[in-house]
Amino acid sequence: MTGSPPRPEAGLDSLADRNPRVPPEQLVAELVPPPRFADVRFSTYVPSPEHPSQAEAVAGMSGFGDAVVRQDSARKGLFRRRSAPSGPPGIYLDGGFGVGKTHLLSSLYHQVVTEGGRKAAYGTFVEYTNLVGALGFLPAVDALAPHHLVCIDEFELDDPGDTVLMSRLMRELVDRGVKLAATSNTLPGALGEGRFAAQDFQREIQALAGQFAVQRVDGEDYRHRGLPAAPAPLPDEEVRRVAAGRGGATFDTFARVLAHLAEVHPSRYGAMVGSTSAVCLQGVSTVSDQMVGLRLVVLADRLYDRDIPVVASGVPFDAVFTEELLGGGYRKKYLRAVSRLSALARDGAALAG
């Protein structure tokens, strides 16, 4: 891709014109569950009777939250160092896409913070690595150490550097008495599998695995239960009509948004889409470049977190990544993005209704 694609139309707000600046300290303050999960609780999670592991996950996570609150209550006193946990200092939800892992992790956060009056941080794996990049390693540890619980959503290691970084970060936090909770589509002992020479980093990977008790969550992707994989794309003129008639909507070509994502640090994607009521995209096309695809994955996550509908023309979102990308080491990330973009596109199609 050479140069910057032109704006599709003057007079409409453009996502590609936004380049927000986020102070590093704001990154810490914003480590909370996304708006989509602001009101979820364990009581609002409905386990499937066909998958008993879902009810077991609710019991395991809520019990872990009780332990976080009780442990802190039992160690009051000035200058008292937090006692070392008797078992693994973390809990790890392993399951497929759309089985409710983020719902359960957010519920744990709310149990500890809202009901237990304790301090917790909540972010995706990439948000924590971005935090370290913005603050530096030791300042990031110092910023997270006062929390009783650190929740890590979408725990996926993409390269050896991230393996070492996250292993160090979690060891530092555990040494300071911080409890950990994480979700992923990969068992902790298999993190990094198929992506890099995992055997060369087995010690770091096993160190990560040793921090967690694993709780399996089975089930089908709730975003696709009884629904088509992706709605049919809309005509270009319909996308433009929705953008012009909806306050707070943005209107761009897909190519221009992809080019803009390369100019904005992924830690700022959330701020970039934060005030948007709908993202309207003309000419969605299939992505074949790995770096472009991974940036689109992060954008999809931030849009889904905020429940922002996507109104689009071009190819359907279940065809947005090439078979080569879907068959590679980042397959799970791309499949999650397809699932989430398809769900948001159904919301967008309803707006066009």
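In case you missed it, the structure is sitting above this.
Read on for an overview of the structure. Just so it is clear, the structure is predicted and the values come from calculations on it, not from any experiment.

Criteria and cut-off values
Residues numbered from 1 in each chain as written. Predicted model: local features only at pLDDT ≥ 70, side-chain atom pairs only at ≥ 80, totals over all residues. Heavy atoms only, no water. Buried < 20%, exposed > 50% of the residue type's maximum accessible area, 1.4 Å probe, protein only. Helix = DSSP H or I, 4+ residues; strand = E, 2+ residues; numbered from the N terminus. Pairing = 2+ DSSP bridges. Axes fitted to C-alpha atoms, helices over the stretch in contact; angles between N-to-C directions. Contact = heavy atoms within 4.5 Å. Phe/Tyr/Trp six-rings, centres within 6.5 Å; stacked < 30°, edge-to-face > 60°. Lys NZ or Arg CZ within 6 Å of the ring centre and 35° of its normal. Core = buried A, V, L, I, M, F, W, Y, C linked by side-chain atoms within 4.5 Å. Salt bridge = Lys/Arg side-chain N within 4 Å of Asp/Glu carboxyl O. Parallel < 35°, antiparallel > 145°, perpendicular 65-115°, else oblique. Left-handed = near helix turned anticlockwise from the far one by under 90°. Nonpolar A, V, L, I, M, F, W, Y, C, P; charged D, E, K, R; others polar.

Below, the discussion takes up the pairing of strand β7 (residues 278-284). With six of seven residues buried, β7 lies mostly within the body of the structure. In this structure, β7 lies alongside strand β8 (residues 310-314), joined through four bridges in parallel fashion. Looking across to β8, one finds that Leu281 is bridged to Ala312.

Either a parallel or an antiparallel arrangement is found when strands of a sheet pair, and the pairing is made through backbone hydrogen bonds. Within the open sheet, the three strands sit side by side as β6-β7-β8. Their pairing is parallel. Both edges of this open sheet fall to β6 (249-253) and β8, since each of them pairs with a single strand only. Sheet twist, expressed as the average angle between the axes of neighbouring strands with direction ignored, equals 10°. Lying over the sheet, helix α9 (residues 254-261) contacts β6 and β7, oriented at roughly 95° with respect to β6.

As summarised here, the arrangement of the five strands in space is β2-β3-β4-β1-β5, forming an open sheet in which the pairing is parallel. Edge positions in the sheet fall to β2 (120-124) and β5 (212-217), since each has one partner strand and no second. Mean inter-strand twist for the sheet, computed between neighbouring axes without regard to direction, equals 15°. In this structure, strand β1 (residues 90-95) lies alongside strand β4 (residues 179-184), joined through five bridges in parallel fashion.

Turning our eyes to something else, we now look at the packing of aromatic side chains. Tallied over the full model, the rule gives three aromatic pairs. On the basis of an interplanar angle of 65° and a centroid distance of 5.2 Å, the ring pair of Tyr92 and Phe212 is categorised as edge-to-face. Taken together, the residues Tyr92 in strand β1 and Phe212 in strand β5 connect sequence positions 120 residues apart. Phe212 shares its class with Tyr92; the two are buried. The interplanar angle of 85° and the centroid separation of 6.3 Å between the aromatic rings of Tyr109 and Tyr122 together place this pair among those described as edge-to-face. One end of the pair, Tyr109, is in helix α3 (residues 101-115); the other, Tyr122, is in strand β2, with 13 residues separating them in the sequence. Across the ring face of Tyr304, the terminal group of Arg36 is positioned such that the distance to the ring centre comes to 3.8 Å. Here Arg168 stacks its cationic end above the ring of Phe137, 3.8 Å away from the centre of that ring.

Ranked by internal contacts, the top residues of the largest apolar core, which has 39 residues, are Leu299 and Phe321. Breaking this core down by element, the ones donating at least two residues are α9, α10 (269-273), β7, α11 (290-305), β8, α12 (323-326) and α13 (331-352). A total of nine residues in this core trace back to one element, the largest contributor, which is α11. When neighbours within four sequence positions are excluded, Leu299 is seen to be in contact with Val257, Leu261, Tyr269, Met272 and Val273. The next biggest cluster of nonpolar side chains, apart from the first, holds 27 residues, and it includes Val22, Phe125, Phe155 and Val174.

Applying the stated criterion across every chain yields a total of 14 salt bridges. For Asp13, the salt bridge is made with Arg18, and the minimal N-O distance between the two is 2.6 Å. By relative accessible area, which is 15% here, Arg18 ends up buried. The residue Glu154 makes a salt bridge to Arg336 at a minimum N-O spacing of 3.5 Å. Pair noted here: Glu154 is in the loop between β3 (149-153) and α6 (160-175) and Arg336 is in helix α13, with a separation of 182 residues, a long-range link. The residues Glu154 and Arg336 share a single accessibility class, namely buried. Shared partners join several salt bridges into a network, and the residues in it are Glu154, Asp301, Arg336 and Arg340.

This part covers the side chain of Gln111. Here Gln111 is to be found in helix α3. Taking the relative accessible area as the measure of exposure, Gln111 reaches 8% and is therefore buried. Not counting residues within four places of it along the chain, the set of residues in contact with Gln111 comprises Phe42, Met61, Ser62, Gly65, Asp66 and Gly116.

On to unusual backbone geometry. Its identity is not glycine, yet Asp307 carries a phi of approximately 60°, on the positive side. As for its position among the elements, Asp307 is in the loop between α11 and β8.

This part takes up the packing of helix α4 (residues 125-135) against helix α5 (residues 137-144). Look at α4 against α5: their axes get within 7 Å of each other, and the N-to-C directions meet at 120°. Between α4 and α5, the crossing angle belongs to the class labelled oblique. The two elements α4 and α5 meet at a crossing, and its hand is right-handed. Two secondary-structure elements touch here, α4 through Tyr128, Leu131, Val132 and Leu135 and α5 through Phe137, Pro139, Ala140, Ala143 and Leu144. Tallied by class, the residues present in the contact of α4 with α5 amount to nine nonpolar, no polar and no charged.

Interpretation in functional terms is not warranted from these geometric data alone.
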